[in-house]
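# Observations on the model geometry
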Amino acid sequence: MEKGIPSVELRSVTKRFEDLVAVDGLSLELAGGEFFTLLGPSGCGKTTTLRMIAGFEQPSAGAIRIEGADVAGLPPHRRPTNTVFQSYALFPHLSVEDNVAFGLRRKRVEKPEITRRVAAELERVGLSAEAKRRPAQLSGGQQQRVALARALVNLPKVLLLDEPLGALDRKLRKGLQIELKRIQREVGVTFVYVTHDQEEALTMSDRIAVMNRGRVEQVADPEQVYERPATTFVAGFIGVSNLMPAVVAGPGEVRLDRGPTVRAELDGLSRGERCHAVVRPEKLRIELLDAAGAPASNGLPRVEGVVESSLYLGTATQIVVDLGDGVRMAVLVPNASEAERQRLPGGGARVALSWDPEQMHVVRKSPGGYSGSDEEGHDAARGAEPKATRRG
């Protein structure tokens, strides 16, 4: 691929289904060999975007290019892409190796070349010993590996994956996340991955596009999306939502509705503009208020509230604190020892939460008018387990 030409490029792409705008003016550029994830709740437009890249849907407006070539009007089989679906879509009457070889035979590739390439892909996905078996004789994870090998054997320039691990149990899914990333790095193909699972996106992606109601609210690497979300939707959808309503009080300052005025990077926000301050649960400190209503002073910004619930998560305990006016904060405390865990404040206790100033990030309200704390988000009040960031 010529240097500087994106592997996949979408320019002002819109898709309408009668009165419904499924994708609204979407523009993206994907580099060659990138693991790029479209992340968002059901109905946000991520699968429709994938289907337009694949050719199963045509955009109502805008342009789609793959390695610089306009693919408008090209059917799926004439595009340099392959798609892996959640349903596997394997032929039950064919063996594993015949399933993998199917596309090559349709292209009339020479038999020795088919044998070589099929063997190489089965070795890559760890299924060489299963080559003669039928799909019904395999586990769900093995069937998904067959579907992946069948797509990769055709040497696509772009591999499209539509929630391919969604039908698998959690333990198997986590194992395959690691395998999928290893395979992607090995083959060097551009992967476009669709999921609503935040952990999957954070674990595997080079970059993530967080989608909401047909639009992209942020495109960044996993750590940036988690640590410095751009909007209330991104902050609420990625991990546990800790959103403190605030207003810009002046240059470099915001005044919390339920707390003090604190220093903050405003990123273009103006005086008097409404916003939210975000502090992730693992960054918060929690202290009991004494009889005088004050914890030991640590000189850090703080808010006060009442413990609403405490949830044991195994490696950590999550404490939800009600600040009043419907504002709740989740605190994640590592379970270093049973004795320390027993000393944590219980329901009804008055506590103070504090944080290092650099751990607080200010976000704008989502342009979609949507906080991100829906059934597929992670509302702190429900005690959902936060997601870990990817490092390296």
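Please read all numbers here as calculations on a predicted model, not as lab measurements. (Residues numbered from 1 in each chain as written. Predicted model: local features only at pLDDT ≥ 70, side-chain atom pairs only at ≥ 80, totals over all residues. Heavy atoms only, no water.)

Take the overall build of the protein chain next. Counting secondary structure elements, the protein chain contains 9 helices and 20 strands. In terms of overall dimensions, the protein chain has a C-alpha envelope of 85 × 50 × 40 Å along the principal axes. Sorting the 392 residues of the protein chain into buried and exposed places 51% on the buried side. Excluding contacts between residues fewer than 6 apart, the proportion of contacts in the protein chain whose partners are at least 24 apart in sequence is 67%. For the protein chain, the accessible surface area stands at approximately 18000 Å², while carbon and sulfur atoms represent 48% of it. (Helix = DSSP H or I, 4+ residues; strand = E, 2+ residues; numbered from the N terminus. Buried < 20%, exposed > 50% of the residue type's maximum accessible area, 1.4 Å probe, protein only. Contact = heavy atoms within 4.5 Å. Areas by Shrake-Rupley, 256 points an atom, 1.4 Å probe, with all protein chains shown as cover.)

With that settled, the discussion passes to the sheet that holds strand S5 (residues 69–70). As summarised here, the arrangement of the 4 strands in space is S2-S1-S4-S5, forming an open sheet in which the pairing is antiparallel. In the strand order of this sheet, the two ends are held by strand S2 (20–30) and S5, each with one partner. Contacts from helix H1 (residues 46–54) reach strand S1 (8–17), S2 and strand S4 (61–66) within the one sheet, and its direction differs from that of S1 by about 115°. (Pairing = 2+ DSSP bridges. Axes fitted to C-alpha atoms, helices over the stretch in contact; angles between N-to-C directions.)

This part covers the sheet that holds strand S13 (residues 261–263). Within the open sheet, the 5 strands sit side by side as S13-S12-S11-S14-S20. Their pairing is antiparallel. Across the chains shown, the open sheet's two edge strands, defined by having one partner strand only, are S13 and strand S20 (361–363). With direction set aside, neighbouring strand axes in the sheet form an average angle of 45°.

This part is about the packing of helix H2 (residues 96–106) against helix H3 (residues 111–124). Contact geometry for H2 and H3: axes closest at 10 Å, N-to-C directions at 130°. As far as their axial angle goes, H3 and H2 are oblique. Between H2 and H3 the crossing geometry is right-handed. Facing Val 96, Glu 97, Val 100, Ala 101, Leu 104 and Arg 105 of H2, the residues of H3 in contact are Ile 114, Arg 117, Val 118 and Leu 122. For the contact of H2 with H3, a count of residues per class yields 7 nonpolar, no polar and 3 charged. (Parallel < 35°, antiparallel > 145°, perpendicular 65-115°, else oblique. Left-handed = near helix turned anticlockwise from the far one by under 90°. Nonpolar A, V, L, I, M, F, W, Y, C, P; charged D, E, K, R; others polar.)

With that settled, consider the packing of aromatic side chains. The tally for this structure, following the rule as stated, stands at 5 aromatic pairs. With centroids separated by 5.5 Å and ring planes inclined at 45°, the aromatic side chains of Phe 35 and Phe 191 adopt a geometry described as tilted. Placement of Phe 35 in strand S3 (residues 35–39) and of Phe 191 in strand S8 (residues 190–195) is noted, with a sequence separation of 156 residues between them. Note on Phe 191: relative accessible area 0%, which makes it buried. Three or more aromatic residues link up through ring pairs in this structure, and these residues are Phe 35, Phe 191 and Tyr 193. Here the basic side chain of Lys 15 rests over the ring of Phe 17, its NZ or CZ set 5.1 Å away from the ring centre. Just above the ring of Tyr 226 sits the side chain of Arg 280; from NZ or CZ to the centre is 4.4 Å. (Phe/Tyr/Trp six-rings, centres within 6.5 Å; stacked < 30°, edge-to-face > 60°. Lys NZ or Arg CZ within 6 Å of the ring centre and 35° of its normal.)

This part is about helix H4 (residues 140–152). In this model, H4 (13 residues) spans 19 Å end to end at C-alpha, consistent with the 18 Å of a helix rising 1.5 Å per residue. Within H4, 10 of the 13 residues are buried, leaving the element largely enclosed by the surrounding structure. Of the positions making up H4, those classed as buried are Gly 141, Gln 143, Gln 144, Val 146, Ala 147, Leu 148, Ala 149, Arg 150, Ala 151 and Leu 152. Each element contacted by the buried residues of H4 is listed here: strand S6 (81–85), H2, H3, strand S7 (158–162), helix H5 (170–187) and S8. (Expected span 1.5 Å × (residues − 1).)

The next point concerns the packing of H4 against H5. Close contact between H4 and H5 brings their axes to 11 Å; oriented N to C, the two are set at 15°. Classified by the angle between their axes, H4 and H5 sit roughly parallel to one another. As for the relative orientation of H4 and H5, their crossing is right-handed in sense. Residues Gly 141, Arg 145, Leu 148 and Leu 152 of H4 pack against Leu 172, Leu 176, Glu 179, Leu 180, Ile 183 and Val 187 of H5. Its residues assigned to classes, the contact of H4 with H5 shows 7 nonpolar, 1 polar and 2 charged.

Summed over the entire model, instances satisfying the criterion amount to 33 salt bridges. Across the pair Arg 215 and Asp 24 runs a salt bridge whose closest N-O atoms are separated by 3.0 Å. Placement of Arg 215 in strand S10 (residues 215–220) and of Asp 24 in strand S2 is noted, with a sequence separation of 191 residues between them. Residues joined in a network through salt bridges with shared partners are Glu 121, Arg 124, Arg 145, Glu 179, Arg 182 and Glu 186. (Salt bridge = Lys/Arg side-chain N within 4 Å of Asp/Glu carboxyl O.)

Most peptide bonds take the trans form, and the phi angle of most residues other than glycine is negative. Of note in the backbone geometry, Glu 67 takes a positive phi value of approximately 50° without being a glycine. Along the polypeptide, Glu 67 turns up in the loop between S4 and S5. Take Glu 67: its relative accessible area is 27%, and that puts it in the partly exposed class.

What follows covers the confidence of the model for the protein chain. Mean pLDDT over the protein chain: 88, with 91% of residues reaching 70 or higher. Confidence over residues 371–392 falls short of pLDDT 50; this stretch has 67 contacts with residues more than four positions distant or in other chains. (pLDDT = per-residue confidence, 0-100.)

Counting through the fold element by element, Val 219 comes out in strand S10. Take Val 219: its relative accessible area is 33%, and that puts it in the partly exposed class.

Further remarks concern the side chain of Thr 190. Relative to the assigned elements, Thr 190 resides in strand S8. Of the residues examined, Thr 190 reaches a relative accessible area of 2% and is grouped as buried. Engagement of the side chain of Thr 190 in a polar contact is seen with the backbone nitrogen of Gly 33, the distance being 2.9 Å. (Polar contact = N/O pair within 3.5 Å; in protein donor to acceptor, adjacent residues only side chain to side chain.)

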